[in-house]
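Observations on the three-dimensional arrangement
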Amino acid sequence: MILLKNIQINSIESLRDAVQKAIELEHATIPPYLTANFTLTNTGNDEISKLIGSVVGEEMLHLSIACNLLNAIGGSPVLNKPGFIPEYPGPLPGGVEEGLIVPIAKFSKQLIKDKFMAIEKPEDPIDIKLMRTAAFEEKKEITIGEFYNKIIANMKALEERAQENCNTIFTGDPSYQMANGKWFPEQELFAINDLDSAEKAINIIIDQGEGTSMDPFVNLDDLGPGEAAPEPAHYYRFEEIYKGKKLVKVKDSSTKVGYSYSGADIPYDPSKVPNMKENPKMNDYPVDSPAYTNSKFFNYNYTSLLNSLHITFNGKPDTIDKAMGLMFAIRLYALRLLTTPDPNNPGYVAGPSFEYVTDEDLTKEEKTMLKSHKPGR
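Residues numbered from 1 in each chain as written. Predicted model: local features only at pLDDT ≥ 70, side-chain atom pairs only at ≥ 80, totals over all residues. Heavy atoms only, no water.

**Considering the overall build of the chain**
Operational definition: Under the DSSP-based scheme used, a helix requires at least four consecutive residues in state H or I and a strand at least two consecutive residues in state E, with every element numbered from the N terminus. Relative accessibility under 20% of the residue-type maximum defines a buried residue, over 50% an exposed one, and the middle range a partly exposed one, all with a 1.4 Å probe and only protein chains included. By definition in these notes, contact holds between two residues if any of their heavy atoms fall within 4.5 Å. In short, Shrake-Rupley with a 1.4 Å probe defines the accessible areas, and a residue's cover is counted only from the protein chains shown.
Helices and strands together make up the secondary structure of the chain, namely 9 helices and 2 strands. Reading the helices (α) and strands (β) of the chain from amino to carboxyl end gives α-α-α-α-α-α-β-β-α-α-α. The 377 residues of the chain split such that 56% are buried. For the chain, the proportion of contacts with a sequence separation of at least 24, taken over those separated by at least 6, is 73%. Total accessible area on the chain stands at roughly 16600 Å², and carbon and sulfur atoms take up 51% of it.

Below you can see the structure in the form of structure tokens.
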């Protein structure tokens, strides 16, 4: 379970700092989830890939919601500084439980159980039949959901105080709000302009990530068009993968909570997953190797994606199309890496490293190669 540092919110400035930390936290989960999903591509493990992909999409939604919230309260989201990308392996932003070190790794059920479920674990997971194990019988700790609930509580207090003086904390420029129905459902990503819309938006993040203390499924109001109904929250989606069974509602006297991992099988064939060396680094590869070139191009495109998102959420919401287009570029280079032998480790393939690479880091030849859309071979 994540143990976030206690946050003190007693001013609009500290509230903005907390929301910026939420942006960093939401982003930090994407590289590990995305990498695990890349390693499932074309392996026949389609159901698992679909489940992880749905979580990745919602983490991107949550990042967007947090950016809208920070803009709404007069802040400026920061997504393009070198330190925004965390060091992998390492803790997630905000301070993490000792021992929970998050890697960049190929998909495995152990990765799901030990890392991804720990990230998404609710304050009080519902004790579903065949679900909990000794590894998760832990004392109550601060979760991401509690972090967001604290933001809500203090946001309310600050807004009430402001309204007593005929003011509001929601002073941001409305034109900065990104609510593009092309990429995210309108009922999930919408303009935040007051306390009600802010609380509704944060509760979507909590509900999709952890569910509620009574129901492991996402509230129907928080589902977009075409999304599965009912759909488990992230923690329970990952538990489905680990158990190899879909979570279903049951009428069984032996299952007191009314849910069980007894639905359709979720097949898994580990033999097809590429043997990616855990926690790859660009500079570990020889400079003249295909692994280095493709790693550098992956990192450059990922940095470009963050730069584009920074522009999107700082006054140009219509540029979201360019940002999302860069997702296809990073997928291209990730898949190219996963078919490239690791020059330092026989029997392994290279993989994405999610490092900060800008135009200044590219040679003239590399810039030419990028423009021609020809990954290193």
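**With respect to the environment of G83**
In this structure, G83 sits in the loop between α2 (46–72) and α3 (109–120). What makes G83 exposed here is its relative accessible area of 63%. Separated by 273 residues in the primary sequence, G83 and Y356 have C-alpha atoms spaced 8.4 Å apart.

**Digging into the side chain of T340**
Here T340 shows up in the loop between α8 (320–337) and α9 (364–371). Sequence-distant contacts of T340, that is, excluding residues within four places in its chain, are made with P290, A291, N294, V349 and A350.

**Quick notes on the packing of aromatic side chains**
For the record, the criterion: Each aromatic pair joins two rings of Phe, Tyr and Trp (for Trp, the six-membered one) with centres within 6.5 Å, and gets the label stacked for planes under 30 degrees apart, edge-to-face for over 60, and tilted for any other angle.
Within the structure shown, the criterion is met by 11 aromatic pairs. With a centroid separation of 5.4 Å and 45 degrees between ring planes, the pair formed by F116 and F238 is classed as tilted. Placement of F116 in helix α3 and of F238 in helix α6 (residues 234–243) is noted, with a sequence separation of 122 residues between them. For the pair F116 and F238, one class covers both residues: buried.

**Section: the environment of N180**
The topology assignment puts N180 in the loop between α4 (144–164) and α5 (195–210). Linking N180 and I320, residues 140 residues apart in sequence, is a C-alpha distance of 8.1 Å. When neighbours within four sequence positions are excluded, N180 is seen to be in contact with I320 and D321.

**Some details on the confidence of the model for the chain**
Using the following cut-off: The score called pLDDT rates the predictor's confidence residue by residue, from a low of 0 to a high of 100.
Across the chain, the average pLDDT comes to 87, with 85% of residues at 70 or higher. When the criterion is pLDDT under 50, residues 129–141 qualifies, and its contacts beyond four places in sequence or with other chains add up to 34 contacts.

**Some remarks on α8**
Heads up, the rule is: Any helix carries an expected span of 1.5 Å times its number of residues minus one.
The end-to-end C-alpha distance of α8, which contains 18 residues, comes to 26 Å, matching closely the 26 Å that a straight helix rising 1.5 Å per residue would cover. Buried within α8 are the following residues: I320, A323, M324, L326, M327, A329, I330, Y333, A334 and L337. Looking at the packing, one finds that the buried side of α8 touches α1 (12–38), α2, α7 (290–312) and α9.

**Details of the pattern of salt bridges**
The test is simple: Between Lys or Arg on one side and Asp or Glu on the other, a salt bridge is scored when a side-chain nitrogen of the former is within 4 Å of a carboxyl oxygen of the latter.
Scanning the entire structure with this criterion turns up 12 salt bridges. A salt bridge links K182 to D321, with the nearest nitrogen and oxygen atoms 3.5 Å apart. Residue K182 is located in the loop between α4 and α5, and its partner D321 is located in helix α8; the two are separated by 139 residues in the primary sequence. Since its relative accessible area comes to 56%, K182 is described here as exposed. A salt bridge links K296 to E366; the shortest N-O distance between them is 3.0 Å. Placement of K296 in helix α7 and of E366 in helix α9 is noted, with a sequence separation of 70 residues between them.

**Side note on unusual backbone geometry**
With omega at 0 degrees, the peptide bond leading from Y88 into P89 counts as cis. Of note, P89 is situated in the loop between α2 and α3. Here the phi dihedral of N42 falls at roughly 60 degrees; this positive angle occurs in a residue that is not glycine. By the element assignment, N42 lies in the loop between α1 and α2. Using a relative accessible area of 76% as the deciding quantity, one classes N42 as exposed.

**Quick look at α7**
With 23 residues, α7 extends 32 Å between its outermost C-alpha atoms, agreeing within 8% with the 33 Å of an ideal straight helix rising 1.5 Å per residue. With 20 of 23 residues buried, α7 lies mostly within the body of the structure.

**Brief notes about the packing of α1 against α3**
This is how the line gets drawn: The angle between two axes is taken between their N-to-C directions and runs from 0 to 180 degrees, where each axis is a line fitted to C-alpha atoms and a helix contributes only its stretch in contact. Angle categories: roughly parallel below 35 degrees, roughly antiparallel above 145, roughly perpendicular from 65 to 115, and oblique for all the rest. Less than a right angle of anticlockwise turn of the near helix away from the far helix marks a crossing as left-handed, whereas a clockwise turn marks it as right-handed. Gly is placed with the polar residues, together with every amino acid not listed as nonpolar (Ala, Val, Leu, Ile, Met, Phe, Trp, Tyr, Cys and Pro) or charged (Asp, Glu, Lys and Arg).
Where α1 contacts α3, the two axes come as close as 12 Å, and the packing angle between them is 150 degrees. Relative to α3, the element α1 is oriented roughly antiparallel. The crossing of α1 and α3 is left-handed. Here α1 contributes T29, P32, Y33 and A36 to the contact with α3, which in turn contributes L111, F116, I119 and E120. The class makeup of the residues in the contact of α1 with α3 is 6 nonpolar, 1 polar and 1 charged.

**A few points about the packing of α1 against α2**
The interhelical angle for the contact between α1 and α2, taken along N-to-C directions, is 160 degrees, at an axis separation of 9 Å. With respect to each other, α1 and α2 are oriented roughly antiparallel. Handedness of the α1/α2 crossing: left-handed.

**Topic: the nonpolar core**
Put simply, the test is: What is meant by a nonpolar core is a set of buried Ala, Val, Leu, Ile, Met, Phe, Trp, Tyr and Cys residues, joined one to another through side-chain atoms within 4.5 Å.
Of all hydrophobic cores here, the largest spans 107 residues; its most connected members are L15 and I151. Looking at this core element by element, the count peaks at 14 residues for α2. Discounting chain neighbours no more than four positions away, the residues touching L15 are I9, I73, I151, M155, L158 and I169.

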